Every structure is written in C-alpha cells, then in structure tokens.
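Given next are the chains, with one letter for each unit.
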Number of protein chains: 2
Amino acid sequence: MEDLQSSADPITELIVAFNELNSSHIEELYEEPSPLEFMRFVAKNTPFVVRGAAAGWRATQTWNAKSLEEQLGKEPVNVAVTPIGNADAPTHHPEYGALVFAKPWEEDQPFDEFLNYVIQQEKDNLPLESTSEVRYAQTQNDNLRNEYAALFRDASPEIPFARIALQREPEAINLWIGNSRSTTALHKDNYENIYVQIAGRKHFVLLPPLCQPCVNEQDLQPAQYHRLDSSSSPSSFLSPKEKENQGGLSLDVETASDTVPFAIWEPDRPLENATQYSKLAEPMRVTLEPGDMLYLPCMWYHKVSQSCSPEGICVAVNYWYDMEFTGPLYPMSSFIRSVYHQDNPKK
Amino acid sequence: MEDLQSSADPITELIVAFNELNSSHIEELYEEPSPLEFMRFVAKNTPFVVRGAAAGWRATQTWNAKSLEEQLGKEPVNVAVTPIGNADAPTHHPEYGALVFAKPWEEDQPFDEFLNYVIQQEKDNLPLESTSEVRYAQTQNDNLRNEYAALFRDASPEIPFARIALQREPEAINLWIGNSRSTTALHKDNYENIYVQIAGRKHFVLLPPLCQPCVNEQDLQPAQYHRLDSSSSPSSFLSPKEKENQGGLSLDVETASDTVPFAIWEPDRPLENATQYSKLAEPMRVTLEPGDMLYLPCMWYHKVSQSCSPEGICVAVNYWYDMEFTGPLYPMSSFIRSVYHQDNPKK
Ligand SMILES: O=C(O)CCC(=O)C(=O)O
Ligand SMILES: O=C(O)CCC(=O)C(=O)O
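Residues numbered from 1 in each chain as written. Chains lettered and ligands numbered in written order. Predicted model: local features only at pLDDT ≥ 70, side-chain atom pairs only at ≥ 80, totals over all residues. Heavy atoms only, no water.

1. A few points about the overall build of chain A
Then, in step 1: Across its full length, chain A carries nine helices and 19 strands.
Then, in step 2: Dimensions of chain A along its principal axes, counting C-alpha atoms only, are 60 × 55 × 35 Å.
Then, in step 3: As presented, chain A carries roughly 14,200 Å² of accessible surface, and 49% of it is formed by carbon and sulfur atoms.
Then, in step 4: In chain A, which carries 27 positive and 50 negative side-chain charges, the distance between the mean positions of the two groups comes to 2 Å. (Helix = DSSP H or I, 4+ residues; strand = E, 2+ residues; numbered from the N terminus. Areas by Shrake-Rupley, 256 points an atom, 1.4 Å probe, with all protein chains shown as cover. Lys, Arg positive; Asp, Glu negative; His and termini not counted. Charge placed at Lys NZ, Arg CZ, Asp CG, Glu CD.)

Here it is, written out as structure tokens:
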C-alpha cells in the first residue's frame, strides 16, 4: 500500500482519505432511531442496521409459504425469469462477444405456481446446468401497494422515523420473493432505502458513492431474455449472433437501444474486471436476519444475495424515499464520475 | 453562458449542476429550528438565517458603548491592529513584490481605550490615508468564555438546537468588536458556525465548499504587522525589501515560515485575481441585523464586512461546533481541490 499513501493521484487520495475517516463495519442499533438520530446518519450518508426492528411485524411473524399461498392463491404476479438468477446484471453474451446488461424475461404467473417453483428449486438444489430457469418476484414498482396489496396490511405502511426526518411518504414500497439462486448485481439508486428482512437472509455488500472509480462502470448494450416458446419473443427478427439460448431462454441484444452505464466490477470477485482503484475499496458487509432493518443511504452501491428460510424462500420488503438533491452530495458524486471517466474513457 | 453549458469540463459541470439544484438566496426563518429541522440543513450543508432569533438576548438588548465600558473598564483585551482593517487577509507587499498573508499586530489594550478608538474612528470617518490604524477585537480563541467572561452571561451559553442535533458543546464562543473599517477576507473553517449579530450589521458573502476552483487559492508567504515603536518588533532583523511601513506599522514577511494556502479572489471584485471558474460562482449574500442568527455550514467560504450601530460599533458573537468528518463531504471537498490544482498548479 505504500505506493498509494504517497501517491498524489486525486482519486487515490479521495478513497484513502474516506477509508481513514470512516469505518467499514456497519453500525448496529437495537432500537429504531428517532427522526433526529436517523437524520444524523442521513447527514453523513452512512448505513446502519437495526437488529430486530421488524421482529414484531405481522409479516415477520406470519408470512410463510402456506400463509402467502392462502392470501394470494392463483393471483397473477409479475415474475422476473433468468437462466441463472441474473436479472439486471452484466452478463457475458458469447455470440455477441461482450458483456451486455441482461434484463429478465417478465411474465405473469399464478402466485402459487411461482412460489412452489421457487421452493422446489431450492429443495432440489440441482447443479446450475440442469436447472432451466430462476424466478424472482422483484418488480421495483411499488408492488406491495399494488400487486401484493393483500399483504400490505401485515407490513408497516411506512417508516415513521424516515417520514418525519425526510418529510415525505415512501415513493415506492417493494416486496421481494425469491430463493438463493437470485443475486442483485452491484448498482446504486437515487433513493434513501429502508430495507426490511422478513424471511430468510439477505447478504449486502456496500460501497459508498465515492467508490465510483472502483466499480468499473461501462456502457453496456441492453439485452433481454425471452422465452423461446413465447409468442411475444422478438427472437425471430434477430441474427443468430445476437441470440443466446440458455435453459429455454434466449438473450436478445437490443442493438438499437441506448447503452446502459453499469458497474462490471464487484467486491466478491475483486480480481475480475478491476480498475486501478478497485483494490482501494473497503466494502461494508452486512447480513440481515428476519426482522432486521437496514438503512441503505442514497447512491451507495449495493450487491445483494440471499439465503432461504428452512421452507426455501427469501422474502423482504423495502421502502424507497426520494433523496435530497440540494446540497453537495449529488453534484459531487457526478463530479467524481466525470473526473474518473475523463482519465479512463469507457471501452 | 452557452459555452459553459455544453462544456465537458468536470469542474464546470460540477458548479453549474450545483447552481441548478441550489438557490443562491438564503432561506429565512422567523423562529429557531428544532434540532431535527436544523439537522436537515446540516445534512444538505445549506445556510439559513433566523431573523430576530436573539432579539431577546440580554446582550442584544443592553450592550452598547456605555454598558460595555462599565462592565470591562480598563481590563486589557487582545486587539488586532492593521493599517486598513486587513487582519488575516491577502495583502500586496510593494517591496516584497507579491501578495502575502498579512497577520495583524496583536497587543493588549485597556478595553475602554480600544472601544473609544473604534468609536472615534467611525465618527471621524477620515479618508483611509489619514487614519493610522484599524483595531478589531477578533481573537478566535473562545474569548467570550475567557477574556470577555464578564459579558458571557448576557449571551446564550450555547445554542440548544445545535447542541442537541450535533451532540456536542461549542468548541469556541467568540466575541467580535470592531467598526466598518475591518473586513474579514474570504476563507473557510472546519466548523459548523452559528453567528449572532448583537449591534450594528454584518454583511456576509457566502460560497459553498465546491466553489474552491473559483476562489483562486494560492500559497502565500505569511507576514505580520509590527508596531514600529514596539520593542518586540523583529523589524530590525529584516532587510528594507521585507518591510512595509504603513501608518506606523511595518509588514514583515516571515520568509522562513511555511506558506499559507489562501483564497485571493473575492466575489466583490469579481474581475480581479479570477480563475476561469470564478464567473460561475453565484454568491449567497445576507446582511445580519441586530438579533439575527446565521447558520454558516462547515467549509463554506465567507467574506464578512460590517456597518456600525449609530454609536459607531459593530458587535457579534459566534458559536463554533466541531464538524463531522465522517461521511463524504470532507474527502470530496479535498478531492475537488486536488483536481483543480492538478490542472492549475499554484503560481
Ligand atoms: O433485494 C434485492 O435483491 C435487491 C434490493 C435492492 O437492490 C434495493 O432495495 O434497492
Ligand atoms: O465577523 C467576522 O469578521 C468574521 C466571522 C468569521 O469569519 C467566522 O465567524 O468564522
């Protein structure tokens, strides 16, 4: 590390200085913060976890495969389908010869069918190759107040300390149901996020906004999975080079669409796709147990993987609050990105 | 401005983006904020003024030339003496042939003598040339709890909303007594500052921390004024080239000392000493009337000038709270400075 300490490179200095002033161990609370206590964390854009904050929620106490099935039955729900649990993830496309930004195939499935698939797959625990597809209910469109409205009464309608501190209602409340095959790739959102674990566990790997130079953001061509037997698949219009057939799903590159800037480095494979700054990152790791509540500050990078409850499901609920765009954080974060890309043009 | 909008220069983009998202008009409150309301301003590093917040303080209601003199009499107080009110200011040194960082001559004076000088000078209102020196009580060393302890009971012992929000006591409480001849040059401090006007008016010109590229920070050689008749003056050791005799004060360059990084641009003379970014600055201006309270967030640049009460004095009290060094603000501000100086080495 001696070369980094003495280096005059501004980006190195930035990340080293941040690491010196900030712990990479998350602060653990055992009671919900007051609005003022919460605002202190917002002010320093620093995560915390409240162990057991939602242990008393009806959701945490009663949601399981049986109760969820009883409540939702055959209601159609939107399901993200991918071959290996890689919804919205940078994915190598062999024929296209490049990483693409892989969007899941989305379809409505009767809830009971979806849930049983998720559980059966977790139970079977077959090798990746012999599994045809991974299913994840992960529409980030306020689904708990819409598709899953029947369940909403079992969760908190909002997070009081966040509403009072931020002076706003949640912009979206999302339900996430999947199994250990799904991973959410490293990305960031312009929201203050209160993430509540209900069943199973979630493993978060977090990086602060100023680690932008570590994550190797590239402009990826978007691509979408399509079911080969689906009549709505546009596969037939594509050349073989732009298709990728895997487990009954074809990954079709959207060659006419704009590229998507996306991180291709991730802290769990630190030597792959690294930039010269990746080694400076000191990721913060936290596992949420059922009833735990995470404050994930706006613009923090997060990669999320999951473990199932004994029944074979992983269920979480999160609350997105619009972030504050006044003040220095947003323009300064864009500035870091501009400086990095000026010196390191995207390939 | 069209060339700026389309520019891809990261620093230009940073300042333009900040200006688009932030008002340059200060927010005016008419009651003290709650700790939570205050913390929202701290979180966005944004100033506000509370009109009349200290109108009821005994200091605001009773301090005047007579009452101050009654309380302090001939007590010796530390006085900053300069030829033109330029304590801690970049100052052209004709013989040295450069701007230097001019520190005031400091001496103890009986309070009544100091105060009468300040008042008489304001009353006389003589042209600059015929005035021999300007005096300003401005020791920023917690003087209200030390030198001026007799007055402390008339001011608030601390600012409750700030103590509760920031979870700390004031690091320093400072008293400022001077007349309209003194100006505090544009600079920034690593403190959260609650500034309270008692008598007369203060005129603040404010720039956010990310305007660092606008202020033309240069490494200035420190210099100190010395009274020519003072036995403690080291003037005799200096060559004529390193002295500057003005109104009985000699400005002696400390050639052996380290340079001081200091802003040499200022928003009230926008065409002088400008950088290519100075024209992007949108200074926030606010005048404090007696009883007004300003929140000056940490790391904001401020230039402060003053007008006197009818009696011919200007009196203020301010509370410095240590800033929070965790989170992104401090390292990101240093980063902007590094990037700017990488492209624009100091002369
Ligand atoms: O739970 C997940 O899989 C991802 C969560 C996430 O990305 C979010 O809450 O923003
Ligand atoms: O009142 C003045 O002259 C300067 C005040 C100042 O610089 C401060 O409060 O930090």
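Moving on from the coordinates now.
2. Quick look at the site of ligand 1
Residues and elements named next belong to chain A.
Then, in step 1: Lining the immediate surroundings of ligand 1 are Tyr136, Trp176, Thr184, His187, Asp189, Asn193, Tyr195, Lys202, His302, Val304, Asn318 and Trp320.
Then, in step 2: Within the side chain of histidine 302, an N or O atom sits 3.1 Å from an oxygen atom of ligand 1.
Then, in step 3: For ligand 1, whose unbound accessible area comes to 290 Å², protein coverage reaches 100%.
Then, in step 4: Among the secondary structure elements, those contributing two or more residues to the shell around ligand 1 are strand 9 (184-187), strand 10 (191-199), strand 18 (301-307) and strand 19 (314-322).
Then, in step 5: Of the residues in the shell around ligand 1, the class split is five nonpolar, five polar and two charged. (Near = heavy atom within 4 Å. Polar contact = N/O pair within 3.5 Å; in protein donor to acceptor, adjacent residues only side chain to side chain. Nonpolar A, V, L, I, M, F, W, Y, C, P; charged D, E, K, R; others polar.)

3. Describing the site of ligand 2
All names here are of chain B.
Then, in step 1: Surrounding ligand 2, one finds Tyr136, Trp176, Thr184, His187, Asp189, Asn193, Tyr195, Lys202, His302, Val304, Asn318 and Trp320.
Then, in step 2: Within the side chain of lysine 202, a nitrogen or oxygen atom sits 2.9 Å from an oxygen atom of ligand 2.
Then, in step 3: Asparagine 318 is positioned such that a nitrogen or oxygen atom in its side chain is 3.3 Å from an oxygen atom of ligand 2.
Then, in step 4: When the free accessible area of ligand 2 is taken as 300 Å², the share hidden by the protein chains comes to 100%.
Then, in step 5: Going through the elements one at a time, strand 9 (183-187), strand 10 (191-199), strand 18 (301-307) and strand 19 (314-322) are the ones with two or more residues in the shell around ligand 2.

4. With respect to the sheet that holds strand 17 (residues 293-296) of chain A
Residues and elements named next belong to chain A.
Then, in step 1: Sheet architecture is open: six strands sit in the order 1-2-17-10-19-8, paired in mixed fashion. What marks the edges here is a single partner per strand, and that holds for strand 1 (27-29) and strand 8 (172-178). Strand-to-strand twist of the sheet, defined as the mean angle between neighbouring strand axes without regard to direction, takes the value 20°. (Pairing = 2+ DSSP bridges. Axes fitted to C-alpha atoms, helices over the stretch in contact; angles between N-to-C directions.)

5. With respect to the confidence of the model for chain A
All names here are of chain A.
Then, in step 1: Chain-level statistics for chain A give a pLDDT mean of 93 and a share of 93% at 70 or above.
Then, in step 2: Taken together, the stretch residues 1-6 has pLDDT below 50 and engages in six contacts with residues farther than four places along the chain or on a different chain.
Then, in step 3: Across the predicted assembly, pTM comes out at 0.93 and ipTM at 0.92. (pLDDT = per-residue confidence, 0-100. Contact = heavy atoms within 4.5 Å.)

6. So, the interface of chain B and chain A
Then, in step 1: Taken residue by residue, the interface counts 35 residues in chain B and 35 residues in chain A.
Then, in step 2: Linking chain B with chain A are zero salt bridges, by the criterion used here.
Then, in step 3: At the junction of chain B with chain A, the criterion picks out 10 residue pairs in polar contact (both at pLDDT 80 or more).
Then, in step 4: Considering each element in turn, the side of chain B that touches chain A owes the most residues, 10 residues, to helix 9 (residues 329-343) of chain B.
Then, in step 5: Taken together, the residues that form the side of chain B that touches chain A break down as 22 nonpolar, nine polar and four charged. (Salt bridge = Lys/Arg side-chain N within 4 Å of Asp/Glu carboxyl O.)

7. Comments concerning the relation of the copies chain B and chain A
Then, in step 1: Once chain B has been moved 0.0 Å along the axis and rotated by 180°, it coincides with chain A to within an RMSD of 0.0 Å. Overall, the copies show the geometry of a two-fold rotation axis. Of the C-alpha atoms belonging to chain B, the one lying closest to the rotation axis is found on alanine 43 of chain B, 1.9 Å away.
Then, in step 2: When you check the interface residues of chain B against chain A, 100% turn up at the interface there too, and the contact is symmetric in its surfaces. (Least-squares fit on C-alpha atoms with pLDDT ≥ 70 in both.)

8. What to know about unusual backbone geometry
Then, in step 1: At asparagine 273 of chain A, a residue that is not glycine, the phi angle is positive and equals roughly 55°.
Then, in step 2: In this structure, asparagine 273 of chain A sits in the loop between strand 15 (260-263) and strand 16 (284-288).
Then, in step 3: One non-glycine residue, asparagine 216 of chain B, lies in positive phi territory at about 55°.
Then, in step 4: You can see asparagine 216 of chain B is positioned in the loop between strand 11 (201-207) and strand 12 (217-227).
Then, in step 5: Of the residues examined, asparagine 216 of chain B reaches a relative accessible area of 6% and is grouped as buried. (Buried < 20%, exposed > 50% of the residue type's maximum accessible area, 1.4 Å probe, protein only.)

9. Observations regarding the sheet that holds strand 19 of chain B
All names here are of chain B.
Then, in step 1: Read from one edge to the other, the open sheet built from six strands follows the order 1-2-17-10-19-8, with strand pairing classed as mixed. In this open sheet, the two edge strands, each paired with only one partner strand, are strand 1 (27-29) and strand 8 (172-178). For this sheet, the mean angle separating the axes of adjacent strands, direction not counted, is 20°.
Then, in step 2: The pairing of strand 2 (residues 48-50) with strand 17 (residues 293-296) spans three bridges and is antiparallel. Bridge pairing in strand 17 places valine 50 opposite methionine 293.
Then, in step 3: Strand contacts of helix 3 (residues 35-43): strand 1, strand 2, strand 10 and strand 17, with the helix running at about 45° to strand 17, the strand carrying the most contacts.

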